[in-house]
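Residue-level structural notes
Chain by chain, the residues run as shown.
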Amino acid sequence: MPVITSLLQPNCCNSNKLLHHRLICWCNKAMSSSSNNQPGAFTTIRETVTFKQEIKKSKFTAIAGHIPDQQYANSFLSQVKDPKATHNCWAYKVGDQYRSTDDGEPSGTAGKPIQAAIEASGLDRVMVVVIRHFGGIELGTGGLVRAYGRTAAECLKNAPTCFVKSKVPMAVEVPFELLGILYHQLQSFKVEDIKQDYETGKEGTTMVTFKVDFDQAKSLEDAVKDNCSRDLVFYKK
């Protein structure tokens, strides 16, 4: 794949400069929208689930849900936390990124056990919030670790899951007469978010951008080139 920033030389013509500018803008937007999602496949939660249990008069409620990236974690927390609860402890996993908090419980007794439950589940792009309403009986550090960990684990065990393949953004510069062939291949590979940019600076040419399953990018590129009988240039973030 060509590297966007080295496509053109300083003495290039105006049409190539415009194309270069368009590609840089597209690449920056693609990087911004997928910065936390590295290409790969993962299993995640299909819908938000809840699990409740009472331990020595303290009521524990675990709420687990899918988060596409780290930025969404704050939004999910604000949706499910209980301002009246004694503690709203949580953890999440997005790729190789983890975060957790004890929210006032003794250090390491809440957030880490929740995180351990997420790791043990094998799920990704997941956040679990465990809400505690104190019942008047102290559980001790060991009791807290078991209570938060088991509540989170039971919640995840009951969650419906789905297998997801991440998408990679791609672009190709194509003559108008080959658009039909290109779109046929794009439909065959079930790509998403197809867009066209006619302001490429080259007459009779358009830039088509789209997202494809990470493990289908090379196959799609080869199929398009074979069917178009032309060595089209593809760009990938």
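Residues numbered from 1 in each chain as written. Predicted model: local features only at pLDDT ≥ 70, side-chain atom pairs only at ≥ 80, totals over all residues. Heavy atoms only, no water.

Going by an unreviewed UniProt entry, the protein chain carries the name Impact N-terminal domain-containing protein and comes from Vitis vinifera. Taken verbatim from the UniProt record of the protein chain, the Sequence similarities (unreviewed entry) comment is "Belongs to the IMPACT family." (UniProt positions renumbered as here; feature names shortened; annotations may be inferred.)

Observations concerning the overall build of the protein chain
Across its full length, the protein chain holds 6 helices and 11 strands. In the protein chain, once contacts between residues fewer than 6 apart in sequence are set aside, the share between residues at least 24 apart is 71%. Entry remark: accessible area of the protein chain is about 12,400 Å², with carbon and sulfur atoms responsible for 48%. (Helix = DSSP H or I, 4+ residues; strand = E, 2+ residues; numbered from the N terminus. Contact = heavy atoms within 4.5 Å. Areas by Shrake-Rupley, 256 points an atom, 1.4 Å probe, with all protein chains shown as cover.)

Points about the nonpolar core
When a protein is soluble and globular, its nonpolar side chains tend to lie buried together. Grouped together as the largest cluster of nonpolar side chains are 24 residues, with contacts concentrated most on Ile45, Ala64, Ile114, Val128, Val130, Tyr148 and Leu156. Mapped by element, the contributors of at least two residues to this core are strand 2 (49–55), strand 3 (58–66), strand 4 (87–94), helix 3 (111–121), strand 6 (126–133) and helix 4 (140–157). At 6 residues, the largest contribution of residues to this core is made by helix 4. For Val128, the residues in contact, after removing those within four places along its chain, are Ala62, Ile63, Ala64, Cys89, Trp90, Ala91, Ile114, Ile118, Ala152 and Leu156. The next biggest cluster of nonpolar side chains, apart from the first, holds 20 residues, and it includes Val168, Met170, Leu182 and Val212. (Core = buried A, V, L, I, M, F, W, Y, C linked by side-chain atoms within 4.5 Å. Buried < 20%, exposed > 50% of the residue type's maximum accessible area, 1.4 Å probe, protein only.)

As for the confidence of the model for the protein chain
Mean pLDDT over the protein chain: 84, with 82% of residues reaching 70 or higher. Looking across the protein chain, the model is least confident in helix 1 (residues 14–33), with a mean pLDDT of 49, and most confident in strand 6, with 98. This model gives residues 1–15 a pLDDT under 50, and the stretch forms 28 contacts once residues within four places in sequence are excluded. Across residues 30–36, confidence stays below pLDDT 50; counting only partners more than four residues off in sequence or on other chains, it has 11 contacts. (pLDDT = per-residue confidence, 0-100.)

Let's talk about the pattern of salt bridges
Applying the stated rule across the entire model yields 10 salt bridges. Of the charged contacts, one joins Glu154 and Lys157 as a salt bridge, the two residues approaching to 3.1 Å between their closest N and O atoms. Of this pair, Glu154 and Lys157 both sit in helix 4, 3 residues apart, which is roughly one turn of the helix. For Glu154, a relative accessible area of 28% puts it in the partly exposed group. Put simply, Asp222 and Lys218 hold a salt bridge, and the shortest N to O gap is 2.9 Å. With Asp222 and Lys218 both in helix 6 (residues 217–228) and 4 residues apart, the pair spans about one turn of that helix. Salt bridges here are not isolated pairs; linked through shared partners, they connect Lys93, Asp124 and Arg125. (Salt bridge = Lys/Arg side-chain N within 4 Å of Asp/Glu carboxyl O.)

Here we look at the sheet that holds strand 6
Taken in spatial order, the 5 strands line up as 2-3-6-4-5 in an open sheet, and their pairing is antiparallel. The open sheet has two edge strands, strand 2 and strand 5 (97–101), and neither has a second partner. Taken pair by pair, the neighbouring strands of this sheet meet at an average axis angle of 10 degrees, ignoring direction. Of the strand pairs in this sheet, strand 4 and strand 6 are connected by 7 bridges, and their pairing is antiparallel. Each bridged residue has a counterpart across the sheet, and for Asn88 the counterpart in strand 6 is Ile131. Helix-sheet contacts for helix 4 involve strand 2, strand 3, strand 4 and strand 6, and the interaxial angle to strand 3 is about 45 degrees. (Pairing = 2+ DSSP bridges. Axes fitted to C-alpha atoms, helices over the stretch in contact; angles between N-to-C directions.)

Concerning the environment of Pro160
Within the secondary structure, Pro160 is located in the loop between helix 4 and strand 7 (161–165). For Pro160 and Val49, which are 111 residues apart along the polypeptide, the C-alpha to C-alpha distance reads 8.3 Å. Setting aside residues up to four positions removed in sequence, Pro160 forms contacts with Thr44, Ile45, Arg46, Glu47 and Val49.

A look at the side chain of Lys93
Locating Lys93 in the fold gives a position in strand 4. Exposure remark for Lys93: the relative accessible area of 13% places this residue in the buried category. At 3.4 Å, the side chain of Lys93 and the side chain of Asp124 are in polar contact. Once you skip the residues sitting within four places of it in the chain, Lys93 turns out to touch Tyr98, Ile118, Leu123, Asp124, Arg125 and Val126. (Polar contact = N/O pair within 3.5 Å; in protein donor to acceptor, adjacent residues only side chain to side chain.)

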